[in-house]
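One-letter residues, chain by chain:
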Amino acid sequence: MGGWDIALVVLALLIIPVVTAKIYDRCELAAILEKAGFGVYRGYTIGDWLCLVHYESGFDTSFVDHNPDGSSNYGIFQINSAWWCDNGITPTPNLCNMDCRDLLNRHVLDDIMCARKVVGSRKGMKAWDAWIRHCSGHDLSSWTKGCTMHAKPYKKKINS
Ligand SMILES: [Ca+2]
């Protein structure tokens, strides 16, 4: 290959992860979470989720962190490979029945379905250290400030 060919290949390799991953805007994610039924879910609000995502991943879907126990955390929700997804390395029951790599792309609905399972487990949001440290017990109303929320956030469905 000539110099330009190599340059193009290198450029493509640099661009591909950037294109497939995404750093979400706070309000954009708020709207997606609300659509997914997280307006008030198991006692947690959209503010809890935005605070959690901010401190876990900075809204960056490509974020991977490695734990001292050898497992890794993936994506905006930093979902752990020892329990919830399979990265091909960590032994896992793979409770979300998914490849950890699917937690790194810009499509977050599968991530949200998995996070729903995590928060539905015994520990609830205490499964996330960052939520315990930075969000639990705080006034989280400012996280949704300036966001257009479509549903009435505090109105409970009568028949639910
Ligand atoms: Ca995904």
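Bear in mind the structure is a predicted one, so any value in this text is a computation, not a measurement.

## What to know about the overall build of the chain
Phase 1 of the analysis: Of regular secondary structure, the chain possesses five helices and five strands.
Phase 2 of the analysis: Each helix (α) and strand (β) of the chain, taken in turn from the N terminus, gives the series α-α-β-β-α-β-β-β-α-α.
Phase 3 of the analysis: For the chain, with 160 residues in total, the buried portion stands at 27%.
Phase 4 of the analysis: Partitioning the intrachain contacts of the chain with sequence separation of at least 6 by distance along the chain shows that 53% fall at a separation of at least 24.

## Observations concerning the confidence of the model for the chain
Low pLDDT means the predicted coordinates in that region are not meant to be read closely.
Phase 1 of the analysis: With 89% of its residues at a pLDDT of 70 or more, the chain has an overall mean of 90.
Phase 2 of the analysis: Counting interchain partners and residues more than four positions distant, the pLDDT-below-50 stretch residues 155–160 has zero contacts.

## Remarks on the environment of Arg 106
Phase 1 of the analysis: Within the secondary structure layout, Arg 106 lies in the loop between β5 (79–80) and α4 (109–119).
Phase 2 of the analysis: The exposure class of Arg 106 is exposed, given the 12 C-beta atoms found within 10 Å.
Phase 3 of the analysis: When the C-alpha atoms of Arg 106 and Asp 60 are compared, they prove to be 8.9 Å apart, with 46 residues separating the residues in sequence.
Phase 4 of the analysis: Not counting the four nearest positions on each side in its chain, Arg 106 is found in contact with Thr 20, Ala 21, Lys 22 and Thr 61.

What counts, and at which threshold
- Residues numbered from 1 in each chain as written.
- Predicted model: local features only at pLDDT ≥ 70, side-chain atom pairs only at ≥ 80, totals over all residues.
- Helix = DSSP H or I, 4+ residues; strand = E, 2+ residues; numbered from the N terminus.
- Buried ≥ 20, exposed ≤ 12 C-beta atoms within 10 Å, placed from the backbone.
- Contact = placed C-beta atoms within 7 Å.
- pLDDT = per-residue confidence, 0-100.

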